[in-house]
Amino acid sequence: MTNASAAVPDDPRAPLSSALQNDASFRLLVEAVEDYAIFLLDAHGNVATWNSGAKRIKGYDAREIVGRHFSVFYPPDDIAAGKPQNELSIAAQAGRVEDEGWRVRKDASRFWANVVITALRDARGNLLGFAKVTRDMTDRLRLTELQHARELSAHVQSALENERASIARELHDDLGQQLAALKMQLSTLDAGAQIAAMQTQIDTIIGSVRRIAAGLRPPVLDDLGLFAAIDWLVCDVRRRYDLTIQLHIEGEEGGIDTSASTSVFRLVQEALTNVVRHAQASEVRIAIACTRSRCTLTIEDDGCGADVTRGRAAGTFGLLGMGERVRQLGGVIEFRSAPGEGFRILVEIPLTRRADNGVPASP
Ligand SMILES: Nc1ncnc2c1ncn2[C@@H]1O[C@H](COP(=O)(O)OP(=O)(O)OP(=O)(O)O)[C@@H](O)[C@H]1O
Ligand SMILES: [Mg+2]
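In short, a report on the structure. (Residues numbered from 1 in each chain as written. Chains lettered and ligands numbered in written order. Predicted model: local features only at pLDDT ≥ 70, side-chain atom pairs only at ≥ 80, totals over all residues. Heavy atoms only, no water.)

### Let's talk about the overall build of the protein
Move 1: Scanning the protein from terminus to terminus reveals 13 helices and 9 strands.
Move 2: The C-alpha radius of gyration of the protein comes to 34 Å, more than 25% above the 21 Å expected for a compact globule of 363 residues.
Move 3: Of the contacts formed within the protein by residues at least 6 apart in sequence, a portion of 54% connects residues at least 24 apart.
Move 4: Carbon and sulfur atoms provide 53% of the accessible area of the protein, an area that totals close to 21200 Å².
Move 5: Counting 42 positive and 48 negative side-chain charges, the protein places the centres of these two groups 4 Å from one another. (Helix = DSSP H or I, 4+ residues; strand = E, 2+ residues; numbered from the N terminus. Rg over C-alpha atoms; globule rule 2.2 N^0.38 Å. Contact = heavy atoms within 4.5 Å. Areas by Shrake-Rupley, 256 points an atom, 1.4 Å probe, with all protein chains shown as cover. Lys, Arg positive; Asp, Glu negative; His and termini not counted. Charge placed at Lys NZ, Arg CZ, Asp CG, Glu CD.)

Listed below in C-alpha cells is the structure:
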C-alpha cells in the first residue's frame, strides 16, 4: 500500500475535502458568504461541506446535512423524475450545469433557486465531486410576476377603454341614427294619437341610448376635452343625486394626453360613484390644477369616511383601480380618511409634455 492510498480513508468525501479545503483562508471566505449557498458534493451527490449562505437559504445546520444526499433539496416530482441525478450526470459530462427551479428548505417551504453545479476533477481527470452554488431568486421571481401582473392590468384597462369607446360609438351612431330615421318615417304617416305615443316612446329610447353611450364614454371627452367632460359629469351627478359639488379647475389641459385624460376622468367618476354609494355626504369639493409639468387632483367629501388603514376588503376594486391608473401614469395617489371625518383623495400626475425639439418642457 502506498502512502498516497493510505492517506485516503474509506470516507468518499475525504479526497474532495482535502483537495479543496486545505487553503484555510479560501475556506473561511467561502464559509462566510451569506448570499449564496456554496457547498461541495462528493461524486455520489452527498453533501460534503456547508457554508453560512447554505444554512441561511436552506435552513439546515452543517451537522444535520453533511453526509446526506443533495436530492433532499429537490421537490418530490423532481426526485421522481430523476432530476438530481441527471444534473450530476450532465455536470460530470459537460463540466457544468445551470438550472432555475423550485427547491425545498428544511421546513418544507419552497424557494426559487438559480443553481450551478460544477464537476471537480483531480489532475488526472478523476471525478472528485461537485461544487454547488445556489442563489435564492424568490424575490426576483415575485418582482417579475408583479411586473407581468401590472403590464397585464394596464393592457386590460386600455382594452376595456377601447371596447367601451367602440360600443359607445355603435350605440350612438348606429342605433341612435336608426331610431332617429324611424321617428322621421313615422312622422310622414297619418298623425294619429297612436303614432304620437310611439314617437314619444322613441324619444325616450333615443334618450336612453345617449345616456348609456355617454356612461360608457362621454362623447364630450373626445369632442371637447377633459375639463368639459368633468364639468358634464359633475352636472350629471348633481342633477341625478341632488348632491352639492364644488368644482374648481385651474390651468390648461393642453399637456394632458389622451390616456391621462381618460384616467383622470375615470378617477373623478369612480370617486363620485363612491361618494354616492358610501359617503352619505352633503358636499363634495373637486379641485384640479394643471401646470406645465404636473396635474393635481383633489376630491374630498364631508361624509361618513372609512378606516383606510384597514386594508382592502375582498371584492372591492375601485380604489385599487384608481391606484393602478395613477401608477401607470407615473403619479402618486393618497387616500386620507377616518370614520366620521369624510374621505379625501389626493392625486399628482407628472405631465411629460415635450417641446417641438423633443426636450421635456421645464416645470
Ligand atoms: N367617499 C367615501 N366615503 C366613505 N367610504 C368610502 C368612500 N370611498 C370609498 N369608501 C370605502 O372604501 C371601500 C373601498 O372602496 P372601493 O371603491 O375600492 O370599493 P367599492 O366601492 O366597495 O366597490 P367597487 O369595486 O364596486 O368600487 C368602500 O367599500 C367604502 O367602505
Ligand atoms: Mg367603488
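### A look at the state of the cysteines
A covalent bond bridging the sulfur atoms of two cysteines is what the word disulfide describes.
Move 1: Using the criterion set out here, one finds 0 disulfides in the structure.
Move 2: Cys290 provides the cysteine sulfur closest to Cys235, a residue in no disulfide bond, and the two sulfurs are 19 Å apart.
Move 3: With no disulfide of its own, Cys290 has Cys295 as its nearest cysteine by sulfur position, at a separation of 3.3 Å. (Disulfide = S-S within 2.5 Å.)

### Some remarks on the site of ligand 1
Move 1: The environment of ligand 1 is formed by 14 residues, the closest being Asn274, His278, Asp301, Phe317 and Leu319.
Move 2: One nitrogen or oxygen atom from the side chain of Arg277 is found 2.9 Å from an oxygen atom belonging to ligand 1.
Move 3: In this structure, an oxygen atom belonging to ligand 1 sits 2.7 Å away from a side-chain N or O atom of His278.
Move 4: Applying the majority rule of atoms within 2 Å of the grid points places ligand 1 in the largest pocket.
Move 5: Residue assignment for the shell around ligand 1 shows that the elements contributing at least two residues are helix H12 (258–279) and helix H13 (318–328).
Move 6: The element best represented in the shell around ligand 1 is H12, accounting for 5 residues. (Near = heavy atom within 4 Å. Polar contact = N/O pair within 3.5 Å; in protein donor to acceptor, adjacent residues only side chain to side chain. 1 Å grid on protein atoms, 1.4 Å probe; cavity = no way out; pocket = protein on both sides within 12 Å on 5 of 7 lines; lining within 4 Å. Sits in = over half its atoms within 2 Å of the grid points.)

### Section: the nonpolar core
Considering soluble globular proteins, one finds that nonpolar side chains tend to be buried as a cluster.
Move 1: Leu272, Ile286 and Leu297 are the most contacted members of the largest nonpolar core, which totals 36 residues.
Move 2: Within the residue set of this core, elements represented by two or more residues are helix H10 (219–223), helix H11 (226–241), H12, strand S6 (283–290), strand S7 (294–301), H13 and strand S9 (343–350).
Move 3: Ranked by the residues each element gives to this core, the list is headed by H12, at 9 residues.
Move 4: Apart from residues lying up to four places away in sequence, Ile286 is in contact with Val234, Ile245, Gln246, Leu247, His248, Val268, Leu272, Leu297, Thr298 and Ile299. (Core = buried A, V, L, I, M, F, W, Y, C linked by side-chain atoms within 4.5 Å. Buried < 20%, exposed > 50% of the residue type's maximum accessible area, 1.4 Å probe, protein only.)

### Topic: the environment of Ala113
Move 1: Mapped onto the secondary structure, Ala113 falls in strand S3 (residues 110–121).
Move 2: Look past the residues within four positions of Ala113 in its chain and what remains in contact with it is Asp99, Glu100, Gly101, Arg103, Thr134, Arg135 and Met137.

### Thoughts on the environment of Gln93
Move 1: With respect to the helices, strands and loops of the structure, Gln93 is situated in helix H7 (residues 83–94).
Move 2: Taking the C-alpha atoms as reference, Gln93 lies 8.4 Å from Ala119; in sequence the two are 26 residues apart.

### Here's the deal with the sheet that holds strand S2 (residues 96–104)
Think of a sheet as strands paired side by side through backbone hydrogen bonds, with each pair either parallel or antiparallel.
Move 1: In spatial order, the strands read S1-S4-S3-S2; together these 4 strands make up an open sheet with antiparallel pairing. Here the strands that pair on one side only, and so sit at the sheet edges, are strand S1 (36–42) and S2. Within this sheet the neighbouring strands show an average axis-to-axis angle of 25°, counted without direction.
Move 2: Examined bridge by bridge, S1 and strand S4 (residues 127–136) share 7 bridges and lie antiparallel to one another. When the bridges of S4 are listed, Tyr36 appears paired with Arg135.
Move 3: Strands S1, S2, S3 and S4 of the sheet are contacted by H7, whose axis makes an angle of about 165° with S2. (Pairing = 2+ DSSP bridges. Axes fitted to C-alpha atoms, helices over the stretch in contact; angles between N-to-C directions.)

### Structural notes on the packing of helix H8 (residues 138–188) against H13
Move 1: Packing of H8 against H13 brings their axes to within 11 Å, and their N-to-C directions diverge by 100°. Our classification of the angle between H8 and H13 gives roughly perpendicular. Between H8 and H13, the residues in contact are Arg150, Ser153, Ala154, Gln157 and Glu161 and Gly321, Glu324, Arg325, Arg327 and Gln328, respectively.
Move 2: Class assignment for the residues of the contact of H8 with H13 results in 1 nonpolar, 4 polar and 5 charged. (Parallel < 35°, antiparallel > 145°, perpendicular 65-115°, else oblique. Nonpolar A, V, L, I, M, F, W, Y, C, P; charged D, E, K, R; others polar.)

### Some remarks on the coordination of the magnesium ion (ligand 2)
Move 1: Taken together, Glu270 (OE) and Asn274 (OD1) make up the full set of protein donors to the magnesium ion (ligand 2), lying 2.1 to 2.3 Å away. Within this pair, Glu270 and its partner Asn274 are both found in helix H12, separated by 4 residues, close to a single helical turn.
Move 2: Overall, the relative accessible area of 23% leaves Glu270 in the partly exposed class.
Move 3: Note on Asn274: relative accessible area 15%, which makes it buried. (Donors = N, O, S within 2.8 Å, 3.2 Å for Na, K, Ca; no water.)

### Brief notes about the pattern of salt bridges
Side chains that differ in sign of charge can pair as their charged atoms come close.
Move 1: If you walk through the whole model with that rule in mind, you get 27 salt bridges.
Move 2: For Glu34, the salt bridge identified is with Arg56, shortest N-O distance 3.8 Å. In this pair, Glu34 is assigned in the loop between helix H3 (24–32) and S1 and Arg56 in helix H4 (residues 52–58), connecting sequence segments 22 residues apart.
Move 3: Of the charged contacts in the structure, one is a salt bridge between Arg336 and Glu334, with a shortest N-O distance of 2.7 Å.
Move 4: In this structure Arg336 comes out as partly exposed when scored by relative accessible area, which is 40%. (Salt bridge = Lys/Arg side-chain N within 4 Å of Asp/Glu carboxyl O.)

### Some remarks on the pairing of S3
Consecutive side chains of a regular strand alternate in pointing toward one face of the sheet and then the other.
Move 1: Burial runs high along S3: 9 of the 12 residues are buried.
Move 2: Two elements, S2 and S3, share 9 bridges in a ladder whose sense is antiparallel. Residue pairing in the sheet places Asp99 in a bridge with Val115 of S3.
Move 3: Hairpin remark: S2 followed by S3, antiparallel, with 5 residues in the connecting loop; positive phi at Ala108, about 75°.
Move 4: As paired strands, S3 and S4 are joined by 9 bridges and run antiparallel to one another. Bridging from a neighbouring strand, Val115 pairs with Thr134 of S4.
Move 5: From the end of S3 to the start of S4, which pair antiparallel, there are 5 residues, and Gly125 there has a positive phi angle of about 95°.

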